[in-house]
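Residues per chain, in single letters:
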Amino acid sequence: MMCAWKSLLSILPPNLRADVDRLGKDSLQELRLRLGSPAELVLNGDSRFLSAEVRREDLSYCVNAASRYSPWAAATAAEGYITAPGGHRIGLCGEVVCQEGTVTGIRELSSLCIRVARDYPGIGKRAAQCGGSILILGAPGWGKTTLLRDLIRQLGQREPVSVVDERGELFPQGLERSRRVDVLIGCPKPAGIGMLLRAMGPKSIAVDEITAEPDARALLWAANCGVRLLATAHGTSAADYRRRSVYRPLYEHGVFQTLLILRSDKSYFVERLEP
């Protein structure tokens with residue numbers, strides 16, 4: 001297991017670092033900071049609260065340290081998250097700013113949910129033996145991104161794999177990619193898939209989290225161009241994949257031949273889809 005732990009500590013307010021380092025280095029899954037309440041550490045599913053209450057300046061410190069004031073981070077903040085150095089994701093909650101019905105930012109932060117990114121080299125070795133295009137299904141926090149990352153690494157040892165890393169979470173700085181993996185960072189999935197098909201000549205294209213119809217349309221187009229696809233989606237069964245409106249065109253056109261369905265303990269089982 002690998003984790004950019006020092007990168008995580010660097011974005012935390014100095015008054016929290018020692019306790020978080022002492023209690024959570026090996027087992028911290030989430031750190032929740034709520035204005036006026038003690039910081040909550042989620043450790044292997046159990047919660048532990050620190051003594052000091054979270055201040056507004058603590059929330060601001062985290063966001064500013066994680067974003068480094070970058071325009072890309074400002075754009076993703078409007079979607080409710082920031083990806084910090086090391087691939088750690090910070091969920092944002094508070095008073096939003098809207099223009100013509102569209103969220104453009106968050107004005108007053110009230111809480112943060114920092115999800116710790118951990119890497120497990122080798123967990124995708126068995127999955128890499130599966131044929132055809134592969135879709136990883138799982139609930140939030142069950143390890144979809146972690147499994148996809150290593151599946152990309154395993155395949156990238158023997159063929160060119162191109163990745164649209166929209167949030168910068170799949171291969172943040174410091175994580176091994178494999179010698180034949182090319183990563184496009186910060187680009188929306190539909191645009192990125194088109195760019196990679198035209199420019200990189202991949203055998204496989206990988207994306208994390210199919211969440212909208214434009215994502216599905218781009219994957220369907222790529223499948224019709226003959227490229228193998230690797231992706232993740234929310235769901236806990238093949239039935240979820242078949243019935244949800246966003247995924248249904250992918251199922252009906254036979255885009256994915258293999259499902260890797262995660263369990264809550266981050267293990268998974270393989271299900272082949274009939275053509």
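Each remark here, short or long, concerns the structure printed above.
Here we summarise the structure given alongside this text. (Residues numbered from 1 in each chain as written. Predicted model: local features only at pLDDT ≥ 70, side-chain atom pairs only at ≥ 80, totals over all residues. Heavy atoms only, no water.)

Description of the sheet that holds strand E12 (residues 204-207)
Consideration 1: With respect to topology, seven strands assemble into an open sheet ordered E11-E10-E12-E13-E9-E14-E15, the strand pairing being mixed. For this open sheet the edge positions go to strand E11 (181-185) and strand E15 (268-272), each flanked by a neighbour on one side alone. On average, adjacent strands in this sheet sit at an angle of 20° to one another, irrespective of strand direction.
Consideration 2: In this structure, strand E14 (residues 258-262) lies alongside E15, joined through five bridges in antiparallel fashion. Bridge pairing links Leu259 to Glu271 in E15. (Pairing = 2+ DSSP bridges. Helix = DSSP H or I, 4+ residues; strand = E, 2+ residues; numbered from the N terminus. Axes fitted to C-alpha atoms, helices over the stretch in contact; angles between N-to-C directions.)

Things to note about the packing of aromatic side chains
Consideration 1: Within this structure, the stated rule accounts for three aromatic pairs.
Consideration 2: An angle of 35° between the planes, with centres 6.4 Å apart, marks the rings of Tyr241 and Tyr247 as tilted.
Consideration 3: Given the relative accessible area of 0%, Tyr241 is considered buried.
Consideration 4: Considering the side-chain rings of Tyr241 and Phe256, the 6.4 Å spacing of their centres and the 75° angle between planes classify their relative orientation as edge-to-face. Taken together, the residues span a long stretch of sequence, with Tyr241 in helix H8 (residues 238-243) and Phe256 in the loop between helix H9 (248-252) and E14 at a distance of 15 residues. Of the two residues, Tyr241 and Phe256, neither departs from the other in class, the shared state being buried. (Phe/Tyr/Trp six-rings, centres within 6.5 Å; stacked < 30°, edge-to-face > 60°. Buried < 20%, exposed > 50% of the residue type's maximum accessible area, 1.4 Å probe, protein only.)

Notes on the environment of Leu196
Consideration 1: Looking at the element boundaries, Leu196 is found in helix H6 (residues 189-199).
Consideration 2: With relative accessibility at 5%, the residue Leu196 sits in the buried group.
Consideration 3: C-alpha of Leu196 to C-alpha of Ile123: the two residues are 73 residues apart in sequence and 26 Å apart in space.
Consideration 4: With residues near it in sequence (within four places) discarded, Leu196 still touches Ser162, Val163, Val164, Leu184, Gly201, Pro202 and Ile205. (Contact = heavy atoms within 4.5 Å.)

Topic: helix H3 (residues 56-67)
Consideration 1: In this model, H3 (12 residues) spans 17 Å end to end at C-alpha, consistent with the 16 Å of a helix rising 1.5 Å per residue.
Consideration 2: For H3, the set of buried residues is Asp58, Leu59, Cys62, Val63, Ala66 and Ser67. Buried residues in H3, looked at end-on, bunch into an arc of 150°, giving them a common side.
Consideration 3: A positive phi of about 55° marks Arg68, the residue just after H3. (Expected span 1.5 Å × (residues − 1). Arc of directions from axis to C-beta.)

Digging into a nonpolar patch on the surface
Consideration 1: On the surface, Met1, Tyr120 and Ile123 cluster together into a nonpolar patch covering about 270 Å² of accessible area.
Consideration 2: Mapped onto the fold, Tyr120 is located in the loop between strand E8 (118-119) and strand E9 (134-138). (Patch = residues over 30% accessible without salt bridge, like charges linked within 9 Å, V, L, I, M, F, W, Y side chains within 5 Å. Areas by Shrake-Rupley, 256 points an atom, 1.4 Å probe, with all protein chains shown as cover. Salt bridge = Lys/Arg side-chain N within 4 Å of Asp/Glu carboxyl O.)

Some points on the state of the cysteines
Consideration 1: In total, this model carries zero disulfides according to the counting rule given.
Consideration 2: Distance from the sulfur of Cys225, which forms no disulfide, to the nearest cysteine sulfur (Cys187) is 16 Å. (Disulfide = S-S within 2.5 Å.)

Focus on the pairing of strand E2 (residues 28-34)
Consideration 1: With four bridges joining them, E2 and strand E3 (residues 38-43) adopt antiparallel strand pairing. What sits directly across from Leu28, in E3, is Leu43.
Consideration 2: Counting the residues between successive antiparallel strands, the hairpin from E2 to E3 contains three residues, one of them, Gly36, with a positive phi of roughly 80°.
Consideration 3: Inspection of the sheet shows E2 paired to strand E7 (residues 102-115) by five bridges, in the antiparallel sense. Bridge pairing in E7 places Arg32 opposite Cys113.

As far as function goes, none of this settles anything; it's purely spatial.
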